[in-house]
Amino acid sequence: MARKALLISPELCIGCRGCQTACKSWNRLPATKTVNKGSAENPPDLTPNLYNKIRYVEMPSNSNTVRWLFVSQRCMHCDDAGCIKICPAPGALFKTKEGAVGFDKDKCIGCKLCVAGCPFDVPRYDEKDKVSKCHLCSDRIAEGLMPACAKTCPTGAIAYGDRDAIIGKAQKAGYQKLYGQTDLGGLGIMYAFKDTPKVYGMDESPAIPETIVFWHKVLKPLAYWGLGGAAAVSLLHYLVIGPKKDEGGE
Amino acid sequence: MTIIRKASAFEILNHWVLAASFFILAISGFGFLFHLEQLNAVFGSFNVMKDVHNYAGLVFTASLILTIFHYLPVSLKFGADDIAWFLKGGGYLSKKAKVPPQDELNAGQKLYYIVILLSGLAIAASGFAVWLRPQVPDIRKLVVLSHLVHNIAFDLMIIAVPLHIYLATLANPGTLRIMITGTVPLEWAKKRHAKWVQRIGY
Ligand code: HEM
Ligand code: HEM
Ligand code: SF4
Ligand code: SF4
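Residues numbered from 1 in each chain as written. Chains lettered and ligands numbered in written order. Predicted model: local features only at pLDDT ≥ 70, side-chain atom pairs only at ≥ 80, totals over all residues. Heavy atoms only, no water.

### A word on the packing of helix α3 (residues 46–76) of chain B against helix α5 (residues 107–132) of chain B
Part 1: Two elements in contact, α3 of chain B and α5 of chain B, have axes whose closest approach is 9 Å; the angle formed by their N-to-C orientations is 145 degrees. Judged by the twist between their axes, the crossing of α3 of chain B over α5 of chain B is left-handed. (Axes fitted to C-alpha atoms, helices over the stretch in contact; angles between N-to-C directions. Helix = DSSP H or I, 4+ residues; strand = E, 2+ residues; numbered from the N terminus. Left-handed = near helix turned anticlockwise from the far one by under 90°.)

Laid out in structure tokens, this is it:
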């Protein structure tokens, strides 16, 4: 199965938020009460009931009163996913055969480690402490349908397809490298940025926290080998040198 | 044969509470680390195992704090005889090795206690931070740090504890009874804890 991906083109986005609504509708997520913080961006952040949202970036501009950038924000479906790496519960977070990162609330133990392990601050947890995030409509794409957000988008700002095909097309259109093309082993959500990622509110070089990588490569195997090593040293000592015998002691 | 008391009943009880909670924590901890689904046969599910781990952590922490009264004062008395004991490998490197006279705990036991106390406090503090998520400006940073601390402490303990068990049983016949009856023969104590025996007036 070819890895699937979304291509986000902020300059095509008109900020209608049809994607937010379509996502809520497909995933049966209730609306959340929000407050007006003086920006049209609403709600201000992802919530357990909001898997994707449009980030509104207002920039000074020479040709217009203001330059608006609308950036779709959600789980990036990383190839090397920090959330999966750190999760202590088997099956709570998993890769689908299309390359999406899905979740299973029944298997999630509510430890919230994934919240800290994700380079993009994506996972949220619901009132039962269970993980909640975009799953690339893995139920839809498994049936050959496109994700609800991409299906709804009226301008093509969210385009869905085979990851390789998307990259190929973007290259023909003049993008040398998409945002997310190689980060974290390649993201499942890529961005056609015309400016530096920072301008769009994105991290230049997203990475899993170093200590988590260190834990995965060193501390985790050390628990295994440390236990075995201590047992082996004890056994070896017993066989080679033997116990302390006190003449007349026992 | 004179028998003398080395551990009080409360000390013995507390040691086994500490050991039992540690085993539960270490086994479930291994389950989390390596996704050992076989453990579902014991705990039922990872959801139950998480609660068991968290509440066993509570017991472990309480028990660890109580050990401070039993072992910290003597463990902090670290002198020339302790250094000499380490230089001689504790007498464990050959059958003929002789070590300087030791206190109520020998130098190795003192070091072991300090390792268990420090890594125990670290694993408890970091565990509670992940579990209870205190109100701090950047909780994600705190959890990443706690995850690191929890796992470093775990590695230290998972190496130290098997060595402790070996040294307290097979390697030193006559030691285990301290944590069962609380007593040892005077002759045995004179050979291993001469300074202590002298201090308490034998
Ligand atoms: C003292 C209180 C402790 C608390 C509150 C605590 C809490 C936690 C928490 C919250 C986790 C994350 C997964 C989960 O939610 O279950 C965890 C994981 C773990 N704990 Fe503890 N723990 C404690 C003590 C210990 C002790 C004493 C040990 C070792 C003997 C230990 C070993 C582990 C290991 C190996 C993991 C898995 C590591 C990982 O996946 O990062 N914990 N603990
Ligand atoms: C089956 C397992 C265990 C056995 C047979 C065992 C046995 C013993 C014995 C006989 C002593 C008394 C030594 C003396 O007074 O000279 C002792 C002391 C002690 N034990 Fe254990 N123990 C076990 C597990 C544990 C565990 C899991 C921990 C902590 C995580 C622990 C922590 C301690 C501490 C801190 C002391 C006092 C300091 C020392 O003697 O070094 N023990 N143990
Ligand atoms: S963006 Fe975060 S939640 Fe999504 S796959 Fe990557 S690490 Fe996991
Ligand atoms: S909160 Fe759930 S999904 Fe996240 S790391 Fe913990 S068990 Fe895994």
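There's plenty left to go through after this.
### A few points about the confidence of the model for chain B
Part 1: Averaged over chain B, the pLDDT score is 96; the fraction of residues at 70 or greater is 100%.
Part 2: Taken over the whole predicted complex, pTM reads 0.95, whereas the ipTM for its chain interfaces reads 0.94. (pLDDT = per-residue confidence, 0-100.)

### Describing the nonpolar core
Part 1: One finds Met76, Phe120, Ile158, Tyr179 and Tyr191 of chain A together with Phe60 and Phe154 of chain B to be the most contacted residues of the largest nonpolar core, which totals 102 residues.
Part 2: Ranked by residue count, the leading element in this core is helix α6 (residues 139–168) of chain B, at 9 residues.
Part 3: Formed jointly, this core draws a minimum of three residues from each of two domains, domain 1 (4–200) and domain 2 (209–244) of chain A.
Part 4: Once you skip the residues sitting within four places of it in the chain, tyrosine 191 of chain A turns out to touch Leu7, Ile8, Val71, Ser72, Gln73, Met76, Leu178, Tyr179 and Met202 of chain A.
Part 5: Residues Ile166, Ala170, Leu178 and Ala192 of chain A belong to the second largest nonpolar core, which totals 8 residues. (Core = buried A, V, L, I, M, F, W, Y, C linked by side-chain atoms within 4.5 Å. Buried < 20%, exposed > 50% of the residue type's maximum accessible area, 1.4 Å probe, protein only. Domains from an automatic or database assignment. Contact = heavy atoms within 4.5 Å.)

### Structural notes on the site of ligand 1
All names here are of chain B.
Part 1: Near ligand 1 there are 26 residues, and of these His53, Ile123, His147, His150 and Phe154 occur at the shortest range.
Part 2: In the environment of ligand 1, a nitrogen atom lies 2.7 Å from a nitrogen or oxygen atom belonging to the side chain of histidine 150.
Part 3: Interatomic distance of 3.3 Å between a side-chain N/O atom of asparagine 151 and an oxygen atom of ligand 1.
Part 4: Broken down by secondary-structure element, the contributors of at least two residues to the shell around ligand 1 are α1 (9–34), α3, α5 and α6.
Part 5: Residue classes in the shell around ligand 1 are distributed as 16 nonpolar, 9 polar and 1 charged. (Near = heavy atom within 4 Å. Polar contact = N/O pair within 3.5 Å; in protein donor to acceptor, adjacent residues only side chain to side chain. Nonpolar A, V, L, I, M, F, W, Y, C, P; charged D, E, K, R; others polar.)

### Considerations on the packing of aromatic side chains
Part 1: Enumeration according to the criterion identifies 22 aromatic pairs over all chains in this entry.
Part 2: Ring centres 5.6 Å apart and planes at 25 degrees place the aromatic pair tryptophan 68 of chain A and phenylalanine 70 of chain A in the stacked group.
Part 3: Consider the rings of tryptophan 85 of chain B and phenylalanine 86 of chain B, whose centres lie 5.2 Å apart with planes at 90 degrees: the pair is edge-to-face.
Part 4: Put simply, the rings of Tyr224 and Trp225 of chain A together with Phe30, Phe34 and Phe154 of chain B pair up and form one aromatic cluster.
Part 5: The side chain of lysine 112 of chain A reaches across the aromatic face of tyrosine 125 of chain A, ending 5.0 Å from its centre.
Part 6: Seen from the ring of tryptophan 26 of chain A, arginine 140 of chain A lies directly overhead, with NZ or CZ sitting 4.7 Å from the centre. (Phe/Tyr/Trp six-rings, centres within 6.5 Å; stacked < 30°, edge-to-face > 60°. Lys NZ or Arg CZ within 6 Å of the ring centre and 35° of its normal.)

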